[in-house]
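Per-entry structural report
This is what each chain is made of:
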Amino acid sequence: MTGDLRLAPAALAAWAAAWWLCGEPAAAGGLAVAGAWALAVAGVVTLTLARGRWRVPVLAHGLLVAACVVAVALGVHVQASARAPLEALAEAGATARLTGRVVSEPRPAAFGGDLRWVLSVESVTARGTTVRTTGSVEVTAPPPAPAYGATVATSARLRPDEPGRDTAARARAEEAVVVAPPGAVLAGTQTLRSALLEVTAHLSPQARGLVPGAAVGDTTRVPPELTEAMRVTGLTHVTAVSGGHFAVVVATLTAACAALRAPRAVRVVLLVGAAVGFVLLVRPEPSVLRAAWTCAVALLGLALGRPSAGPAALATASTVLLVVDPWLARSFGFALSCAATAGLVLVAGPLARRLAPWLGRPLAFALAVPLAAQAAVGPVLVLLDPTVPTTAVLANLLAAPALVPATVLGLLATVLAPGAPGLAHAVAWLAGLATGWIAVVARWCAGLPGASVPWPGGTGGALLLAAVTAAALVGVLRRPVGQGWPRAWRELLPRTWRRARGRRASPLTAVGFLLGVPLVVLVVALVLPRALTTGSGVPADWEVVACDVGQGDALVVRTGAASAVVVDVGPPGDAAGRCLDRLGVARVDLLVLSHFHADHVGGLEPVLAGRAVRSALVSPLEEPASAAARVRGVLADAGVPVETATPGRSGSLGATSWRVLAARDDGSGAGEEGDGANDASVVLALRTPAGVDVVALGDLERAGQDALLADLRASGWPGGVDVVKMAHHGSAAQSQRLAALLRPRVTLVSVGDDNTYGHPTDAALDLYGSAGSAIVRTDECGTAVLVVRDGELGLSCTR
């Protein structure tokens, strides 16, 4: 591995400081002051003691590391102070009037037809007071979304965002009023993007999505199954504009300048203008910013006649960006972009030289590039999805010839589209041929056996994969194949390989290498992860889970790494207990039994077995009496403290808060069972650490729902939640007004596929569907797992 790594410690220190301080912004001010004082003292000591030549570089690098940490701390402190008003209002769940500039392209929300976009707030009005702020808010609202760069005003209810995210809050709005349109430059780029979508509208489905994706990063029309295939095969970089796209643009313009023999000054000005225009066209996402700043450092070196080395340019660019925007340290897009670039500049060259004797230089370089990139990004990807894409290198190798024509032709079509749509359509059709090959490769590789295999998730899984990858790279790069092995082992190597150093490989050797290496990787990837994983199939970052227990209820809301709130335990049997085992729940912080019907309390014993249950909350109406007595007896035998739920009772479990919204004891509203227990259900509202609002309605009938609605309105309930567990498994007895008030993004329906009650009814599904909610049924989805990634709810169906 080669490259100037002298700036790497400063970059890594800045990244570590930014990552920590963005999660603990209160510590930033003290660290900045203390660090600045320590830096000044260290500078004086350095000037006093640095007499030997060797001491100067060491001390200078130490001072540079400290300076970067102090700069990051200062940046976090200043920006955290500026966004504090928004965070305070979000914690209170306040409704506010926001005015600011749209700084992202709209993206579809995970559920429903809403769009989400980021608003850089300039002022916020709430509780009769208007304050200036510079924080960002992620807004979810019905279409159409305002244009990028437009100044808008909107009224929305604020909610806290995940700790450490670059947005200070999330907001749900019904509309956004455009106060001022985008400036002329941004309006021009929007015209280019819109015109490209128009000229590609009648191409094949893959071309309609991939041509705009490869050209300007617009992925709104990529077919979902193709998106998934590209994710599995590691080809998402095709539409995630980053360093590769910059490289194509810069290389194309550099070649044109060389052909025209343009002077250095002209080349620099042209490349700078093209880079700035490209950033505005594709929008300044984290990966784009990283690529742009790296390009800027390289262009500065070119202008000064001192071309910058890749590692130094990457370290400089990433450090500058982290000082300006410390929250980039927690952006997966930024991390993936930096990791891939580091892999290419540090590993690709040495790896290509090592493979060249067996494959020849062109093929060795073509294989080394995806190998190096995948090796670098693999540990980061495991944090997002605990799987290893075993066909990623093969897919990238096969797709590589189409990447440049897809990008260049797509950009050419973009430039031509506003003035010459007919010609632009023809160029886009040609680009579609290139993206068609990429789509074929993605689908074929994704369909191969073992294309994506399980791997341990979380930080441990990422460190394990990083260690395995590092060991493999050291083994390959430090010595020729077979050197240092026992003689008997060396004799097993093909004679061509033992003599290959310094010689060109035969075609037969190259083919054998290309077939053999993927086979070995595939076998290792299939066997090792299966030996290390639990096989639960549940995403490690689950937030809310509706367990598939058949015709019954069992809702799990996370409170910690191995703890949760459990609302109901399903019918008799071990389905709920097995669900908690799969989720890794070893401690139940709060067990809520909404009422005493068998389909809600029957699975109590397996849930208690092998698990610590801190407390239980039960319905105030002990009907059926025999079932209530059995439940209380089982809980007493297990030593679980039991309390009777009362409206308004609330508490906090770590960062998860809960509140009882209803718990009736009068037995009115007999419902289907005739004992009044359904309308005596404990109705619970919860808020998770990620800011997900959940309401579990138990088995409320119409009367119980109407009473709940009246109580919520009387208390000033603002309305709008993220998740609702539908009342009574989706029976026909649903309140239209309650559904309209709750307006959930996701409605969970816990129901068995063999029930004889007709649950869920079409009327219930239509009612919540018409409120804009995505309906998730356990009889179709199995155990429904909701996750929060990048501030957006996602769904995983696990049977």
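Anyway, here's the lowdown on the structure attached to this text.

1. Describing the state of the cysteines
Using the criterion set out here, one finds two disulfides in the structure. Disulfide partner of Cys547: Cys579, at an S-S distance of 2.0 Å. Residues Cys547 and Cys579 are joined through a disulfide that is left-handed, its torsion about the S-S bond being -75 degrees. Note that Cys547 is positioned in the loop between strand E11 (542-546) and strand E12 (555-560) and Cys579 in helix H19 (residues 575-583), a separation of 32 residues in sequence. Classification of Cys579 as buried rests on a relative accessible area of 5%. Of note for the protein chain: the bonded cysteines, numbered N- to C-terminal, pair according to 1-2, 3-4.

2. Topic: the nonpolar core
Soluble, globular proteins show a tendency: their nonpolar side chains are buried together. With 35 residues, the main nonpolar core has Trp542, Val556, Leu591 and Leu635 as its most contacted residues. Elements with a contribution of two residues or more to this core: E11, strand E13 (563-567), H19, strand E14 (587-593), helix H21 (604-608), strand E16 (616-618), helix H22 (625-637) and strand E25 (783-789). For Trp542, the residues in contact, after removing those within four places along its chain, are Val556, Val557, Arg558, Ala564, Leu583, Val585, Val785, Leu786 and Val787. Of all hydrophobic cores here, the second largest spans 30 residues; its members include Val567, Leu686, Ala696 and Leu748.

3. A word on the packing of helix H6 (residues 224-232) against helix H14 (residues 421-446)
One way to put it is that H6 packs onto H14 with a least axis distance of 8 Å and a crossing angle of 70 degrees. Judged by the inter-axis angle, H6 sits roughly perpendicular to H14. Here the hand of the crossing between H6 and H14 comes out left-handed. Seen from H6, the contacting residues are Glu225, Leu226, Ala229, Met230 and Val232; seen from H14, they are Ala439, Ala442, Arg443 and Ala446. For the contact of H6 with H14, the per-class residue count stands at seven nonpolar, no polar and two charged.

4. Thoughts on the sheet that holds strand E22 (residues 723-725)
Note: strands within a sheet are paired through backbone hydrogen bonds, in either parallel or antiparallel orientation. Strand order in this open sheet of seven strands is E18-E19-E20-E21-E22-E23-E24, and the pairing throughout is mixed. One side of each edge strand has no neighbouring strand; the edge strands of this open sheet are strand E18 (650-653) and strand E24 (774-777). Sheet twist, expressed as the average angle between the axes of neighbouring strands with direction ignored, equals 20 degrees. Pairing between strand E19 (residues 656-662) and strand E20 (residues 683-687): five bridges, direction antiparallel. From the neighbouring strand, Arg659 faces E20, where its bridge partner is Ala685.

5. Remarks on helix H12 (residues 361-384)
Look at H12: 34 Å from first C-alpha to last across 24 residues, which is about the 34 Å you get at 1.5 Å a residue. Of all the bends in H12, the greatest, near 45 degrees, is centred on Gly378, and the proline Pro379 appears no more than four residues after it.

6. A closer look at the pattern of salt bridges
Applying the stated rule across the entire model yields 22 salt bridges. For the salt bridge of Asp574 with Arg578, the shortest nitrogen-to-oxygen distance reads 3.1 Å. Two residues, Arg630 and Glu605, come together in a salt bridge whose shortest N-O distance is 2.8 Å. With Arg630 in helix H22 and Glu605 in helix H21, the pair connects residues that are 25 residues apart, well separated along the chain. A relative accessible area of 33% means that Arg630 is categorised as partly exposed. On the accessibility criterion, Glu605 (36% relative accessible area) is partly exposed. When salt bridges with common partners are traced through the structure, they connect Arg159, Arg170, Arg687, Asp693, Asp722 and Arg745 into a single cluster.

Parameters at a glance
Residues numbered from 1 in each chain as written. Predicted model: local features only at pLDDT ≥ 70, side-chain atom pairs only at ≥ 80, totals over all residues. Heavy atoms only, no water. Disulfide = S-S within 2.5 Å. Helix = DSSP H or I, 4+ residues; strand = E, 2+ residues; numbered from the N terminus. Buried < 20%, exposed > 50% of the residue type's maximum accessible area, 1.4 Å probe, protein only. Core = buried A, V, L, I, M, F, W, Y, C linked by side-chain atoms within 4.5 Å. Contact = heavy atoms within 4.5 Å. Axes fitted to C-alpha atoms, helices over the stretch in contact; angles between N-to-C directions. Parallel < 35°, antiparallel > 145°, perpendicular 65-115°, else oblique. Left-handed = near helix turned anticlockwise from the far one by under 90°. Nonpolar A, V, L, I, M, F, W, Y, C, P; charged D, E, K, R; others polar. Pairing = 2+ DSSP bridges. Expected span 1.5 Å × (residues − 1). Bend = angle between axes of the 7 residues up to and from the residue. Salt bridge = Lys/Arg side-chain N within 4 Å of Asp/Glu carboxyl O.

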